[in-house]
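Chain by chain, the residues run as shown.
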Amino acid sequence: MGKITFQVRTFLIILFLLGSSLTFLTATTKQLSEISISESVTNVSCHGKNDGAINTTITGGTGNYSISWNTGQTTKDISGLIATSYIITVTDENGTKTKTINVSQPDALSMATSTFQNVSCNGLSDGSITVGTVTGGTSPYQYKLDNGTLGSSDTFQNLSAGTYSITARDANGCEIQKSVTVSQPDALSMATSTFQNVS
């Protein structure tokens, strides 16, 4: 009788140990099979545009999985995005995993009022314009006057009288334009002189 009791106890201990081992293995397997979502984000290049993108890499999970975004798209990579938050949901045989991904954008470009020097005498070309401070976008900035060549200098000299279009462009190709008028004084004139001949 004692021997049978010992054998029963031994059997129960073995079952307990096997059950513990199986629970551990099951938990470990479940942990290793959890869905993982990593992403690479392309932010919007210019304020207000829709050229952002999100590329995701999905690993882990069990069996086949499906993808859905809060935009209604069902591919792992999405593009043509505005600046906002996007939520991806990945569903496999064991459940779902969600992740919020943010797409940002630079501030809108802004140009302060430009300063200028009017032409000194009618018909000369000694006017100048200094571009107002540019903010927003993505520095560095480049500048051009009318259809000229972009450059780093924000001052334009040797200008004749006229209205000029100033363009500032940032590192992403975003632009802002403003017009400045350089004036000149009226041309000097002299009325016909009067004279008295010698008598």
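In this text, all values refer to a predicted model and were calculated from it rather than measured experimentally. (Residues numbered from 1 in each chain as written. Predicted model: local features only at pLDDT ≥ 70, side-chain atom pairs only at ≥ 80, totals over all residues. Heavy atoms only, no water.)

Trainee: How should the pairing of strand E6 (residues 95–103) be read in this particular structure?
Mentor: Moving residue by residue along a regular strand, the side chains alternate between the two faces of the sheet. Bridge count between strand E5 (residues 84–92) and E6: nine bridges; the pairing is antiparallel. Bridge pairing in E6 places threonine 91 opposite threonine 96. Joining the antiparallel neighbours E5 and E6 is a turn of two residues. (Pairing = 2+ DSSP bridges. Helix = DSSP H or I, 4+ residues; strand = E, 2+ residues; numbered from the N terminus.)

Trainee: It is not clear to me how the pattern of salt bridges should be interpreted in this structure. Could you clarify?
Mentor: Proximity of charged atoms lets side chains of opposite charge pair with each other. A full pass over the atoms with the stated rule returns three salt bridges. Of the charged contacts, one joins lysine 76 and aspartate 77 as a salt bridge, the two residues approaching to 3.4 Å between their closest N and O atoms. When its relative accessible area of 31% is taken as the criterion, aspartate 77 is described as partly exposed. (Salt bridge = Lys/Arg side-chain N within 4 Å of Asp/Glu carboxyl O. Buried < 20%, exposed > 50% of the residue type's maximum accessible area, 1.4 Å probe, protein only.)

Trainee: Any chance you could explain the environment of serine 79 here in plain terms?
Mentor: Of note, serine 79 is situated in strand E4 (residues 77–81). Judged by its relative accessible area of 53%, serine 79 falls in the exposed class. For the pair formed by serine 79 and glycine 52, sequence separation is 27 residues and the distance between their alpha carbons is 6.0 Å. Discounting chain neighbours no more than four positions away, the residues touching serine 79 are Gly52 and Ala53. (Contact = heavy atoms within 4.5 Å.)

Trainee: Would you explain the sheet that holds strand E12 (residues 155–159) in this entry?
Mentor: One key point about sheets: their strands pair by backbone hydrogen bonds, in either a parallel or an antiparallel sense. The strand order across the open sheet built from three strands is E8-E9-E12, with neighbouring strands paired in antiparallel fashion. The outermost strands of the open sheet, each flanked by one partner alone, are strand E8 (115–117) and E12. Each strand of the sheet is rotated relative to its neighbour by a mean of 10 degrees, with strand direction disregarded. In this structure, E8 lies alongside strand E9 (residues 127–130), joined through three bridges in antiparallel fashion. Each bridged residue has a counterpart across the sheet, and for threonine 115 the counterpart in E9 is threonine 130. (Axes fitted to C-alpha atoms, helices over the stretch in contact; angles between N-to-C directions.)

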